[in-house]
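Geometric and topological summary
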Amino acid sequence: MKKHDLITLEDGLSLKRQDIKDLFKRYMNPSLATMMGLLGFDKRFVRAEGVRVWDEDGVEYLDFLGGYGALNFGHNDPRLNAALERVNTAPNLLQASLGTLSAVLAHNLAAIMPDGLQRSFFSNSGAEAVEGALKLAKAATKKKRIVYCEGAFHGKTMGALSVTGRSKYQAPFAPLVPECVMVPFGDQGALDLELGKGEAAAVILEAIQGEGGVRIPPAGYMEEVRRLCKQYGALMIVDEIQTGFGRTGTIFACEQEKVIPDVICTAKSLGGGVVPVSAFTTTEEIWDKAYGGFDRCLLHTSTFGGNTRAAAAGIAAIQILVDDDLASRAREQGAYLLERLDQLSRRFPNFIKEVRGRGLLIGVEFNPLAGGILNKVTGGKINQIADEYLGGIVAAELMNNYQVITAYTLNNPNVIRLEPPLIVSREQLDHLLHALEDMFQKYQSMWKLVLASGKRLITG
Ligand SMILES: Cc1ncc(COP(=O)(O)O)c(C=O)c1O
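Let me begin by describing the structure that accompanies this report. (Residues numbered from 1 in each chain as written. Predicted model: local features only at pLDDT ≥ 70, side-chain atom pairs only at ≥ 80, totals over all residues. Heavy atoms only, no water.)

As a further point, take the overall build of the protein. The helix and strand inventory of the protein stands at 20 helices and 15 strands. Scaling as 2.2 N^0.38, a compact globule of 460 residues should have a C-alpha radius of gyration of about 23 Å, and the protein matches this with 23 Å. The proportion of buried residues among the 460 residues of the protein is 54%. Look at the contacts in the protein between residues 6 or more apart in sequence, and 73% of them connect residues 24 or more apart. With the model as given, the accessible surface of the protein reaches about 20600 Å², and the carbon-plus-sulfur share is 55%. Of note, the protein has its 50 positive side-chain charges centred 5 Å away from the centre of its 52 negative side-chain charges. (Helix = DSSP H or I, 4+ residues; strand = E, 2+ residues; numbered from the N terminus. Rg over C-alpha atoms; globule rule 2.2 N^0.38 Å. Buried < 20%, exposed > 50% of the residue type's maximum accessible area, 1.4 Å probe, protein only. Contact = heavy atoms within 4.5 Å. Areas by Shrake-Rupley, 256 points an atom, 1.4 Å probe, with all protein chains shown as cover. Lys, Arg positive; Asp, Glu negative; His and termini not counted. Charge placed at Lys NZ, Arg CZ, Asp CG, Glu CD.)

Below is the structure:
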């Protein structure tokens, strides 16, 4: 038999930073590895607890990225690990049964959802939950068109990408799913015009656009979307994949808009940050229209959806959310952070264009760099960097010089997101605030910061 050259789990865990980089370059995505390296985002982290993570040299960092919203409960909450251990002798997958715990998770999800949202379908990623919601809308309404918002992010699989409002991600994959129509986010007139054509199966939107740069719609917009969807017979799908599970100060962000959608998509923190779990949840009536009857009940399925470990993690995650009242915590800590960031933005207007957010989903938008002579000297690279990496450069500085982990938002690279676990302490928030203040004082202008911290990107 051929002897395979395998790396054991034990050996894998003790690889060094450079070994991992080499493997990543050779067997995964070499350009991504190079880009991450230029930003200093290629450290090897070996331990994590709550908001804190440690690299291989024992240096401690604060995680303000929070798994893009998947770590609302922090890293490795012992209650989540205990839930996984509790089921480690049960069958994880046994499709010739109804599943051990998925019905319990569906019950508990319905218990925290807005009234009437009761039937859930489980899958494994945010994009898959979106795919499921779009299919549900088509099957339930027998219409074809999906309306989505400019700047929206719903994932990168074909259907989810077709309703993700950034051409950089869409263009290379055309043609996408037909009959997906984009409208400006927050513009109820444009939505009225589009829905008035009577062809829409659904409108999909985020209550707050996360990857769009933490954009909050104008007051009353969500209520108007709700009214228009009802009027024209389209389903209202709210994507709470990033905003859900306490992140914005209530369990779901749409609660603050006093809106009950027809479908809510969840993922990320639903699995407690330890197992991938996602879901779409809808009413009995809509579910039955789409999938009622023997000939329709298998139209949408997933091998791993609702597996025992995933469901156990979801059950434990919801329990922690409720027991620890993490939504209130996010509201209080978020109000403090937002106020202090607002003060910083007034002291350093040359850096910060705007600070916005709700609860612990906060975006800091930086002033774009205007081209000028330096842009010419660098062969246009400065403008390119300003367009795509400004937030990344600030995030790199925070990571490498202040041990604070953040990242830019995918659809608006001038924004860094602050999205720590909801258990973050005042002292940890103050550490971030001091880091930003020190950085602005040290560099005095965005130009100096970009030239110092981004020079490897310019020359690389
Ligand atoms: C609002 C929203 N929807 C969908 C997704 C896609 O989730 P996933 O990456 O798990 O497919 C994301 C991911 O960031 C998101 O923020």
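Right, let's get into the sheet that holds strand 10 (residues 278–282). Spatially, the 7 strands line up as an open sheet ordered 4-10-9-8-7-5-6, and their pairing is mixed. Sheet topology places strand 4 (119–123) and strand 6 (180–183) at the edges, where each strand pairs with a single neighbour. Looking at each pair of strands side by side, their axes are set apart by 20° on average, direction ignored. As paired elements, strand 7 (residues 200–206) and strand 8 (residues 235–239) share 5 bridges and run parallel to each other. Looking at the pairing, L205 lines up with V238 of strand 8. (Pairing = 2+ DSSP bridges. Axes fitted to C-alpha atoms, helices over the stretch in contact; angles between N-to-C directions.)

This paragraph deals with the site of the ligand. Around the ligand sit S125, G126, A127, F153, H154, G155, E206, E211, D239, I241, Q242 and K268, and those are all the residues in its vicinity. In this structure, G126 approaches the ligand through a main-chain N or O atom, which is 2.8 Å from an oxygen atom. Between the ligand and the protein, one listed contact pairs a nitrogen atom with a backbone N or O atom of F153 at 3.3 Å. Protein contacts shield 81% of the accessible area of the ligand, which totals 400 Å² for the unbound molecule. Class assignment of the residues belonging to the shell around the ligand gives a composition of 3 nonpolar, 5 polar and 4 charged. (Near = heavy atom within 4 Å. Polar contact = N/O pair within 3.5 Å; in protein donor to acceptor, adjacent residues only side chain to side chain. Nonpolar A, V, L, I, M, F, W, Y, C, P; charged D, E, K, R; others polar.)

This part covers the nonpolar core. Core analysis: the largest hydrophobic core is formed by 105 residues, its most contacted members being L109, L195, L205, L341, F366, L398 and F440. The biggest single contributor to this core is helix 13 (residues 308–323), with 10 residues. Setting aside chain neighbours within four positions, we find L398 in contact with Q403, V404, T406, I416, A435, L436 and M439. (Core = buried A, V, L, I, M, F, W, Y, C linked by side-chain atoms within 4.5 Å.)

On strand 9 (residues 263–266), burial covers both faces: V263 and C265 on one face and I264 and T266 on the other are all buried. Of the pairings in the sheet, the one linking strand 8 to strand 9 comprises 3 bridges and is parallel in character. Each bridged residue has a counterpart across the sheet, and for V238 the counterpart in strand 9 is I264. The pairing of strand 9 with strand 10 spans 4 bridges and is classified as antiparallel. Bridge pairing in strand 10 places V263 opposite T282.

Attention shifts here to the pattern of salt bridges. This structure, assessed with the given rule, holds 26 salt bridges. A salt bridge links R47 to E49; the nearest nitrogen and oxygen atoms lie 3.7 Å apart. The exposure class of R47 is partly exposed, given its relative accessible area of 45%. We note a salt bridge from R119 to E284, for which the minimum N-O separation is 3.4 Å. (Salt bridge = Lys/Arg side-chain N within 4 Å of Asp/Glu carboxyl O.)

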